[in-house]
Amino acid sequence: MDFLFIDLLGKPVWMWLTFVVVVLVLLALDLGVLHKDSREIGIKESFALSAFYIALGLAFGGWIWFQSGEQAGLEYLTGFVVEKSLAMDNIFVIAMIFTYFSIPRAYQHRVLLWGILGVIVLRGVMIAAGAAIVENYNWVLYLFAAFLIVTGIKMLLTADKEYDVASNPVLKFLRRKLPVTDGLRGEKFMVREADDKTGRLKTFITPLFLALVMVELADVIFAVDSIPAIFAITTDPYIVYTSNIFAILGLRALYFALSALIHRFAYLKYALSVVLIFIGSKIFLADMLGLAKIPPVVSLSVTLGILAAGILGSLWATRNGSATLTKSAD
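Our subject in this report is the structure included herewith. What you are looking at is a predicted structure, and each value in this text was computed from that prediction instead of being measured.

1. Re the pairing of strand S3 (residues 190–194)
As paired strands, S3 and strand S4 (residues 201–205) are joined by 5 bridges and run antiparallel to one another. Within the sheet, the bridge partner assigned to methionine 190 lies in S4 and is isoleucine 205.

Structure, rendered in structure tokens:
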């Protein structure tokens with residue numbers, strides 16, 4: 001059993017195994033019990049599941065605090081809050097993708113499920129690569145910080161623009177190179193059907209598969225922002241990966257909870273922009289103040305304050321419009 005205490009990326013193997021077991025149990029519960037059949041997930045269930053995943057993510061942060069100390073715990077919580085917030089921005093893009101392809105809510109969970117599984121693997125690879133680079137070239141952190149500042153400013157200037165699915169070059173390439181069915185085929189990603197030109201059976205991809213590709217692509221784009229953001233908070237690979245995955249695991253539930261309320265978060269993207277600018281600039285600010293880093297409690301407090309201002313401001317600004325929309329929907 002000595003192998004359990006071998007150091008792996010700064011933490012003993014048993015801590016990594018604990019995390020992996022928790023994630024596998026959650027995925028098994030989701031796949032085998034809660035959502036083994038395609039169905040529409042209601043808003044009440046979505047909020048309940050979102051609360052469960054958030055509570056679990058916070059509890060894991062408490063466990064890290066207990067095992068590794070206050071600083072590690074605060075860094076995890078800051079990373080979790082930032083990643084969860086950026087995931088909310090990802091939700092807006094996913095909603096546009098599903099709307100563009102006219103994907104019914106009953107099939108959206110299947111796309112999100114495979115999307116999350118892809119995210120777990122993809123982010124693991126990206127974080128491992130990032131950790132290796134940072135360990136050998138510490139100055140890369142300054143590049144990450146500068147990138148976050150530039151990204152935050154760009155997001156701030158384009159916050160009122162919607163994501164244009166149709167103009168995506170990857171989507172155009174897939175439609176040009178691969179045969180696509182003229183509509184959905186239930187929850188299938190690929191089907192075998194007769195070709196109209198030859199009459200022979202041929203493999204077609206469906207709009208559901210295109211939606212999956214676009215969701216995965218959206219996460220790649222968001223990972224380019226979120227992974228430098230978490231590395232700007234901490235360089236501990238364990239905290240970086242666990243905070244990322246716990247924030248992402250509840251993305252499906254959070255999507256169904258918030259997709260119907262997107263119009264209520266008018267200023268959230270502005271708040272996220274400021275958060276990215278703050279996280280990037282605090283590395284340079286620490287150097288100016290002669291500090292090793294800005295204290296984690298300061299980073300967490302400022303991040304929560306910015307996000308709270310954006311969310312509360314959005315809810316206040318849209319209070320009348322939301323009431324009208326709700327009444328119309330009823």
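Now, onward.
2. Focus on helix H8 (residues 237–249)
Between its first and last C-alpha, H8 extends 18 Å over 13 residues, near the 18 Å set by a 1.5 Å rise per residue. By the criterion of burial, H8 is predominantly enclosed, with 13 of the 13 residues buried. Two or three places before tyrosine 238, at the opening of H8, aspartate 236 has a side-chain oxygen 2.9 Å from that residue's backbone nitrogen.

3. Here's the deal with helix H7 (residues 207–233)
With 27 residues, H7 should reach 39 Å at 1.5 Å per residue; the first-to-last C-alpha distance of 39 Å fits that figure. The sharpest bend along H7 measures roughly 35° and falls at alanine 223. The buried fraction of H7 is high, at 21 of 27 residues.

4. Quick look at the pattern of salt bridges
Within this structure, the stated rule accounts for 8 salt bridges. We note a salt bridge from glutamate 75 to lysine 293, for which the minimum N-O separation is 2.9 Å. Linking glutamate 75 in helix H3 (residues 70–100) with lysine 293 in the loop between helix H10 (268–288) and helix H11 (296–317), this pair joins segments that are 218 residues apart in sequence. Put simply, glutamate 193 and arginine 185 hold a salt bridge, and the shortest N to O gap is 2.5 Å. Residue classification places arginine 185 among the partly exposed residues on the basis of a relative accessible area of 26%. Linked by salt bridges that have partners in common, Glu83, Arg123 and Asp219 make up one network.

What counts, and at which threshold
Residues numbered from 1 in each chain as written. Predicted model: local features only at pLDDT ≥ 70, side-chain atom pairs only at ≥ 80, totals over all residues. Heavy atoms only, no water. Pairing = 2+ DSSP bridges. Helix = DSSP H or I, 4+ residues; strand = E, 2+ residues; numbered from the N terminus. Expected span 1.5 Å × (residues − 1). Buried < 20%, exposed > 50% of the residue type's maximum accessible area, 1.4 Å probe, protein only. Polar contact = N/O pair within 3.5 Å; in protein donor to acceptor, adjacent residues only side chain to side chain. Bend = angle between axes of the 7 residues up to and from the residue. Salt bridge = Lys/Arg side-chain N within 4 Å of Asp/Glu carboxyl O.

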